[in-house]
Amino acid sequence: MSGAIIRIGTRGSQLAKAQASEVRARLMVAHELPEEAFAIEVISTSGDRILDRPLSEVGGKGLFTKEIEMALAEERIDIAVHSSKDMATALPDGLEISAFLPREDVRDVFIGRTAPTIAELPEGATVGTASLRRQAMLKRMRPDLNVIIFRGNVQTRLRKLEEGQADGTLLAIAGLNRMAMTNVATEILDPDAFPPAPGQGAVCIESRIGDERAKSLVAAIADEATTIALTAERAFLAELDGSCRTPIAAHARLNDDGTLALHGMILKPDGSEMHQTRREGVVEDAELIGRLAGRTVLQAAGPGFFDGWAN
Ligand SMILES: NCc1[nH]cc(CCC(=O)O)c1CC(=O)O
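As recorded by an unreviewed UniProt entry, the chain carries the name Porphobilinogen deaminase and is attributed to Jiella pelagia. UniProt, in the comment section headed Pathway (unreviewed entry), describes the chain in these words: "Porphyrin-containing compound metabolism; protoporphyrin-IX biosynthesis; coproporphyrinogen-III from 5-aminolevulinate: step 2/4." Regarding the chain, the relevant UniProt record gives this comment under Sequence similarities (unreviewed entry): "Belongs to the HMBS family."

Regarding the site of the ligand
All residues in the neighbourhood of the ligand are listed as Ser83, Lys85, Asp86, Val154, Leu171, Ala172, Ala174, Gly175, Gln200 and Gly201. Elements represented by at least two residues in the shell around the ligand include exactly strand E8 (168–172) and helix H7 (173–178). Split into classes, the residues belonging to the shell around the ligand amount to four nonpolar, four polar and two charged. Shared between two domains, the shell around the ligand takes at least three residues from each, and those domains are domain 1 (6–103 + 202–222) and domain 2 (108–188).

So, the environment of Lys139
Structurally, Lys139 is set in helix H5 (residues 132–141). Lys139 gets classed as buried once you count the C-beta atoms within 10 Å, which come to 21. Those residues in contact with Lys139 that sit more than four places away from it in its chain are Leu145, Val147, Asp270 and Gly271.

Structural notes on the pairing of strand E5 (residues 108–112)
The element E5 is extensively covered by neighbouring structure, given that five of its five residues are classed as buried. Of the strand pairs in this sheet, E5 and E8 are connected by five bridges, and their pairing is antiparallel. Within the sheet, the bridge partner assigned to Val109 lies in E8 and is Leu171.

What about the sheet that holds strand E9 (residues 187–188)?
One open sheet holds the five strands; their spatial order is E7-E6-E8-E5-E9, and the pairing between them is mixed. Unpaired on one side and paired on the other, strand E7 (146–148) and E9 mark the two borders of the sheet. In the sheet, strand E6 (residues 126–128) pairs with E7 via three bridges, with the strands oriented parallel. Bridge assignment links Gly128 to a residue of E7, and that residue is Ile148.

Structural notes on the domain arrangement of the chain
Think of interface size as the accessible area that goes away when the parts come together; that is how it is often given. Split into domains, the chain comes out as domain 1 (6–103 + 202–222), domain 2 (108–188) and domain 3 (235–301). Centre-to-centre separation of domain 1 and domain 3, based on C-alpha positions: 25 Å.

What to know about H5
Taken across its ten residues, H5 has eight buried, putting it largely inside the fold. Within H5, burial applies to Leu132, Arg133, Arg134, Gln135, Ala136, Met137, Leu138 and Lys139.

Notes on the sheet that holds strand E11 (residues 248–254)
Taken in spatial order, the three strands make up an open sheet running E11-E12-E13, and their pairing is antiparallel. Of all strands in the sheet, those with a lone pairing partner are E11 and strand E13 (274–281), marking the two edges. Across this sheet, the average inter-strand angle for adjacent strands is 10°, counted without regard to direction. Two strands pair when backbone bridges link them, and E11 and strand E12 (residues 260–267) are joined in this way by seven bridges, in the antiparallel orientation. Opposite Ala249, over in E12, you have Met265 as the bridge partner.

Focus on the nonpolar core
One finds Val109 and Ala232 to be the most contacted residues of the largest nonpolar core, which totals 74 residues. Here this core gets seven residues from one element, more than from any other, and that element is helix H9 (residues 224–239). Beyond its immediate chain neighbours, meaning those up to four positions away, Ala232 contacts Ala252, Leu260, Leu262, Ala286, Ile289 and Gly290.

Re helix H1 (residues 14–31)
Taking 1.5 Å of rise per residue, the 18 residues of H1 would be expected to cover 26 Å, and the 26 Å separating its terminal C-alpha atoms lies within 8% of that figure. Buried within H1 are the following residues: Leu15, Ala16, Gln19, Ala20, Val23, Arg24 and Leu27. Within two residues after H1, Glu32 carries a phi angle of roughly 50°, on the positive side.

What about the environment of Asn255?
Considering the arrangement of structural elements, one finds Asn255 in the loop between E11 and E12. In this structure, the C-alpha to C-alpha distance between Asn255 and Glu280, residues 25 residues apart in sequence, is 9.2 Å.

Focus: unusual backbone geometry
In this model, Glu75 sits at a positive phi of 60°, which is unusual for a non-glycine residue. You can see Glu75 is positioned in the loop between helix H4 (66–73) and strand E3 (79–83). Positive phi values are uncommon outside glycine, yet Ala180 reaches one of about 55°. Within the element layout of this structure, Ala180 appears in the loop between H7 and E9.

Conventions used here
- Every chain is numbered independently, its residues counted from 1 as its sequence is written.
- Where totals are concerned, whole chains, interfaces and linings use all residues; where local detail is concerned, this predicted model gives features only for residues with pLDDT of at least 70, and gives and counts side-chain atom pairs only at 80 or more.
- UniProt positions are given in the numbering used here, feature names are shortened, and annotations may be inferred rather than shown by experiment.
- Think of it this way: take the backbone, place a C-beta atom on it, and check whether that atom is within 6 Å of the molecule or strand, in which case the residue is near it.
- In this text, helices come from DSSP runs of H or I with a minimum length of four residues, and strands from runs of E with a minimum of two, each type numbered from the N-terminal end.
- In this count, Pro and Cys sit with the nonpolar residues alongside Ala, Val, Leu, Ile, Met, Phe, Trp and Tyr, while Asp, Glu, Lys and Arg are called charged and the others, Gly among them, polar.
- For the domains described, the bounds stem from an automatic or database domain assignment.
- Burial is judged by counting the other C-beta atoms within 10 Å of a residue's own C-beta: 20 or more makes it buried, 12 or fewer makes it exposed, and any count in between marks it as partly exposed, with every C-beta position built from the backbone.
- By the convention adopted here, residues are in contact when the distance between their C-beta atoms, placed from the backbone, does not exceed 7 Å.
- We call two strands paired when DSSP finds no fewer than two bridges between them.
- To define axes, lines are fitted to C-alpha atoms, for helices over the stretch in contact only, and angles between the resulting N-to-C directions are given on a 0 to 180 degree scale.
- The term nonpolar core refers to a set of buried Ala, Val, Leu, Ile, Met, Phe, Trp, Tyr and Cys residues connected through C-beta atoms within 7 Å.
- In this scheme, a helix's expected span is set at 1.5 Å multiplied by one less than its residue total.

The structure is reproduced here in structure tokens:
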């Protein structure tokens, strides 16, 4: 790839473009390349176009990645930049995740219009979110709340909030940080009580299997601790066969002694039932830790837990 222009594929939202620019900036530093060595190719995805229905109804995570992955497979781009949270566990044939950037803050935030915290929302207040996980955890904390669908990119959701369509909304602080918009948050949620989506806060780079030039290029900016944490979280998700249809939360991180700790959770969409587990082990077992944690919550939930809303 040296000499040639490196084509970076991304969605067109402000957040996605900020992530692609971050990847470019890191590659420029790592390889002493000028900005002109890169072309950022904006690709529209179905997830960006279908805005009137919840993600769980229109097909889940793949929606934000499909068109970009097609461009990658067809060699119209060399690498694709994604929010790991938006990626399904099974990738299309011929593609692989070749790097994770160092993870941003994993936490969710509440952005309140009529009250600064979830606890202070009046009885029956309306909260907008498109995430089943956020809906389920909110309902568990506050069964009285009225949760409505808020689709669209971060700017669209904040506009809906400003227009008064809801009393509050929830977002990932990572996205706000990347767009220098952290100040809109009115409450930062404790990740132990309100754990993030698997992969939240981690940007990943996808490339073609066998494209060694792309692989070695991005290897220079890959973060090992993030790779380990994401391996565990994505194994947890894979064990649950998770998609946007199931409220699933997972947060893995390295302890000070270098071991891995995973917190995994599943809920019913209305928050009426919740199962969680914590598991620790050596980093070499990241995949196994995720798989076993997934099996633990599945067993605790029992057969029937997914009935009625699994698809
Ligand atoms: N589903 C959209 C999406 N995908 C990734 C992020 C945030 C950035 C990240 O998690 O890295 C967001 C917006 C949000 O949930 O606030």
